Every structure is written in C-alpha cells, then in structure tokens.
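Residues per chain, in single letters:
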Amino acid sequence: MRGVTGRLMLLDTASLYFRAYFGVPDSVKAPDGTPVNAVRGLLDFIDRLVKDHRPDHLVACMDADWRPHWRVELIPSYKAHRVAEEQKTAPDVEEVPDTLSPQVPVIEAVLDALGIARVGVAAYEADDVIGTYTARAAGPVDIVTGDRDLYQLVDDARGVRVLYPIKGVGSLQLTDEAVLREKYGVDGRGYADLAVLRGDPSDGLPGVAGIGEKTAAKLLAEFGDLAGIMAAVDDPGAKLTPSQRKRLTEARPYLAVAPKVVRVADDVPLPEVGTALPRTPRDPAALAELTARWGLGGSLERLLTTLTS
C-alpha cells in the first residue's frame with residue numbers, strides 16, 4: 001500500500017455480489033445447471049467499473065468477519081437478525097440464499113486467477129478494510145458499495161467518493177459532499193453521527209427513539225457533531241425541545257458505544273499485496289479451467305478485453 005499513486009478503486013465485494021445475485025436472473029447457469037448469476041453479474045459489474053472509471057489500483061475488499069465480536073460486545077443486537085448460526089470460536093454464520101453461498105468460492109477463485117487483489121482481515125468487516133485503505137491512500141479513491149454506511153468516508157478535499165448502485169448494478173450515483181448535503185444535510189464526517197442518531201434496522205442499530213433522519217440532520221446542523229449535541233443536553237440554555245432532551249438523555253448508554261460500532265476502522269493490519277490493476281491474468285490456466293467449469297463465457301471475455309485495453 002505504501003507508495004501507491006493514482007486512482008484507487010475499492011470494492012465492497014459482498015455488497016456487490018448480493019446486488020448481482022438479485023439483479024441477474026438465476027436462469028444464468030453453469031453447464032451442469034448450477035446458478036452462476038452472482039459470479040457473472042459481478043464480473044460484468046467490474047468490467048463496467050474499470051471501463052468507465054479507469055482505476056490504477058483495484059482491491060476486492062472481503063468480509064473476513066461480517067459480524068465482529070468487538071462490535072457485538074458493544075451492541076448485542078448488531079446484525080443479530082441475520083445470524084443463521086452462532087459460533088463460539090469462529091465468525092457467526094450469516095443467512096445467505098441457498099444458491100448464492102456456493103457461488104462465493106467461485107467468485108474468490110476467479111478474482112485470484114485474474115490477479116485482482118482480494119483482501120480480508122480476521123475480526124474485521126470489508127468496511128474496515130475499505131476505511132483503512134482510504135485513510136492510507138495518497139491519491140483519489142472510488143469506493144463501490146451498496147452500503148450507505150460508507151458515506152462517512154466521502155471527502156472532497158482528498159478526492160474520496162462513493163459509487164453507489166441505484167438499480168441492480170446498472171447505474172451508479174457518484175456520491176460526493178454536495179450529494180450528501182443535499183440528501184442528508186451533512187458531509188462525510190457528519191454522516192456517521194447521523195447514522196448513530198437515526199439508527200439502521202438492517203444492521204440492528206436502534207438509534208435514538210423519536211429521532212429520525214431529518215431531526216438528526218437538524219441537530220447536527222445546530223450543534224456540529226454528536227459531542228456537541230450531548231453537550232447541549234447538559235446545557236439547560238441549549239435549544240433542545242424537552243422531548244429531544246429526554247430522549248437523548250435516555251439514550252446515553254447507546255450513544256456512548258454506538259459511534260465505535262458505526263464508524264469504520266482505519267487501522268486494520270492490512271497485508272502487503274500488490275493492488276495494481278492487472279493487465280493480464282495471474283493464472284491463465286486456472287482461469288481457463290474456471291471458465292469451462294462454470295460457463296463464464298462472455299462476462300469473463302469482456303472483462304479480460306477491458307483489462308488488456
């Protein structure tokens with residue numbers, strides 16, 4: 001990672017292959033009839049991203065642990081509704097559609113054969129890997145994700161933006177600070193505080209009762225950040241309604257821990273891997289075998305043509 005120059009593109013890989021899985025019909029199958037819609041959909045998506053945005057470096061960031069214990073210790077409800085099976089000494093098993101699970105190892109094998117850097121770090125989510133690469137980047141960064149949590153990393157001054165899929169993997173919203181201010185009334189730095197206050201049912205984060213997105217944005221505009229809001233709670237002269245003061249006071253235990261859960265880590269011990277966009281496959285023989293076995297055909301051919309052009 002040291003010395004990397006040029007545009008860095010970071011893929012929130014699981015977010016994207018979930019999108020591909022639901023966006024591409026499951027009638028897309030390997031020769032043996034196994035669905036490969038997520039595999040081919042992701043390859044098509046990467047092809048389009050590389051073609052349209054021409055990154056110098058590309059990293060497929062992975063969830064080595066989709067529900068890290070250190071986050072669950074702080075907020076036990078974190079992603080609890082998505083647990084298929086709890087594990088004592090390994091990451092919990094996530095609920096994943098039956099026909100998607102077998103496609104994930106294929107995706108990983110294809111990325112490896114292509115030579116696209118694939119990075120996951122034990123006890124961390126892909127978001128944390130993305131946060132650390134972003135913090136260390138010397139040049140502009142494009143983060144590709146269907147997860148709004150990563151809006152917190154948007155930073156115009158450093159050229160960090162989020163490419164957010166609007167429909168399937170077809171069209172992208174280029175999210176910069178202007179988009180965040182228009183939609184949420186905050187910049188990237190303020191988005192994490194907004195998410196803490198608002199909560200996120202999809203991640204099992206309760207938020208502050210009675211404080212929705214608009215109220216959270218107004219409070220942040222008035223008091224600057226979460227620390228400023230909590231200072232206002234302790235200030236009888238601050239412009240808070242009695243209801244807001246009461247609800248924020250009652251939420252103190254949650255607000256004391258939620259920021260660490262919501263904010264992505266920026267100090268993950270990243271492995272030393274080459275991140276340059278591959279121009280030729282790392283393992284052509286393995287790629288040929290994967291193509292034949294899984295019927296990757298046009299999707300892989302298009303991506304290879306884009307990478308070599």
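You'll find the structure just up there.
Just so you know, these numbers come straight off a predicted model, no measurement behind them. (Residues numbered from 1 in each chain as written. Predicted model: local features only at pLDDT ≥ 70, side-chain atom pairs only at ≥ 80, totals over all residues. Heavy atoms only, no water.)

**Q** Talk me through the packing of aromatic side chains; I want residue IDs and the actual numbers.
**A** The tally for this structure, following the rule as stated, stands at seven aromatic pairs. Taking 5.3 Å as the distance between ring centres and 75° as the angle between the ring planes, the aromatic pair formed by Tyr184 and Tyr191 counts as edge-to-face. Residue Tyr191 is classed as buried on the basis of its relative accessible area of 1%. An aromatic cluster is present here, built from Tyr151, Tyr164, Tyr184 and Tyr191 joined pairwise through their rings. Over the face of the ring belonging to Tyr164 we find Arg19, whose NZ or CZ atom lies 5.4 Å from the ring centre. Over the aromatic face of Trp294 sits the side chain of Arg293, whose NZ or CZ is 3.9 Å from the ring centroid. (Phe/Tyr/Trp six-rings, centres within 6.5 Å; stacked < 30°, edge-to-face > 60°. Buried < 20%, exposed > 50% of the residue type's maximum accessible area, 1.4 Å probe, protein only. Lys NZ or Arg CZ within 6 Å of the ring centre and 35° of its normal.)

**Q** So what's going on with the pairing of strand β6 (residues 141-144)? Which residues, and what values?
**A** The side chains of a regular strand alternate between the sheet's two faces. The alternating pattern of β6 places Val141 and Ile143 and Asp142 and Val144 on opposite faces, both of which are buried. Pairing geometry for strand β1 (residues 8-12) and β6, over four bridges, is parallel. Looking across to β6, one finds that Met9 is bridged to Asp142. As paired elements, β6 and strand β7 (residues 160-167) share four bridges and run parallel to each other. When the bridges of β7 are listed, Ile143 appears paired with Val162. (Helix = DSSP H or I, 4+ residues; strand = E, 2+ residues; numbered from the N terminus. Pairing = 2+ DSSP bridges.)

**Q** Can you break down unusual backbone geometry residue by residue, with the values?
**A** Of note in this structure, Lys79 is not a glycine but carries a positive phi near 55°. Among the secondary structure elements, Lys79 is positioned in the loop between α3 (69-74) and β3 (83-85). Positive phi outside glycine occurs at Ala123, with the angle close to 75°. Mapped onto the fold, Ala123 is located in the loop between β5 (117-119) and α5 (126-136).

**Q** Give me the lowdown on the nonpolar core, citing residues and values where you can.
**A** In this structure, Leu10, Ile143, Leu197, Leu248 and Leu255 are the most contacted members of the largest nonpolar core, which totals 60 residues. Filtering out sequence-adjacent residues up to four positions away, Ile143 remains in contact with Leu10, Ile130, Thr134, Leu150, Leu153, Val160, Arg161, Val162 and Leu163. Counting 38 residues, the second largest nonpolar core, distinct from the first, contains Ala30, Val104, Leu163 and Trp294. (Core = buried A, V, L, I, M, F, W, Y, C linked by side-chain atoms within 4.5 Å. Contact = heavy atoms within 4.5 Å.)

**Q** Let's hear about helix α4 (residues 103-114): which residues, and what values?
**A** Note that an α-helix has 3.6 residues per turn; residues three or four places apart therefore point the same way. Relative to the 16 Å expected for twelve residues at 1.5 Å per residue, α4 spans 17 Å between its end C-alpha atoms, a close match to the ideal helical length. Residues of α4 that are buried: Gln103, Val104, Val106, Ile107, Val110, Leu111, Ala113 and Leu114. Those residues of α4 that are buried lie in contact with α1 (13-23), α2 (37-53), β2 (57-61), β5, α12 (284-294) and α13 (297-308). After α4 finishes, the residue Gly115 shows a positive phi value of roughly 95°. (Expected span 1.5 Å × (residues − 1).)

**Q** Pulling in residues and values, what's your account of the packing of helix α7 (residues 188-198) against helix α11 (residues 252-262)?
**A** The N-to-C vectors of α7 and α11 enclose an angle of 130°; their axes lie 9 Å apart at closest approach. Relative to α11, α7 is oriented oblique. Note that α7 runs across α11; the crossing there is right-handed. For the pair formed by α7 and α11, the contact residues are Ala192, Ala195, Val196 and Leu197 on the first element and Tyr254, Leu255, Ala258, Pro259 and Val262 on the second. Residue classes in the contact of α7 with α11 are distributed as nine nonpolar, no polar and no charged. (Axes fitted to C-alpha atoms, helices over the stretch in contact; angles between N-to-C directions. Parallel < 35°, antiparallel > 145°, perpendicular 65-115°, else oblique. Left-handed = near helix turned anticlockwise from the far one by under 90°. Nonpolar A, V, L, I, M, F, W, Y, C, P; charged D, E, K, R; others polar.)

**Q** Tell me about the sheet that holds β5, and name the residues and values.
**A** Read across the sheet, six strands follow the order β5-β2-β1-β6-β7-β8 without closing on themselves; strand pairing throughout is mixed. In this open sheet, the two strands that pair with only one neighbour each are β5 and β8 (171-175). Averaged over all pairs of adjacent strands, the angle between strand axes in this sheet comes to 25°, irrespective of strand direction. By the bridge criterion, three bridges tie β2 to β5 in an arrangement that is parallel. Its bridge partner lying in β5, Cys61 is registered against Val119.

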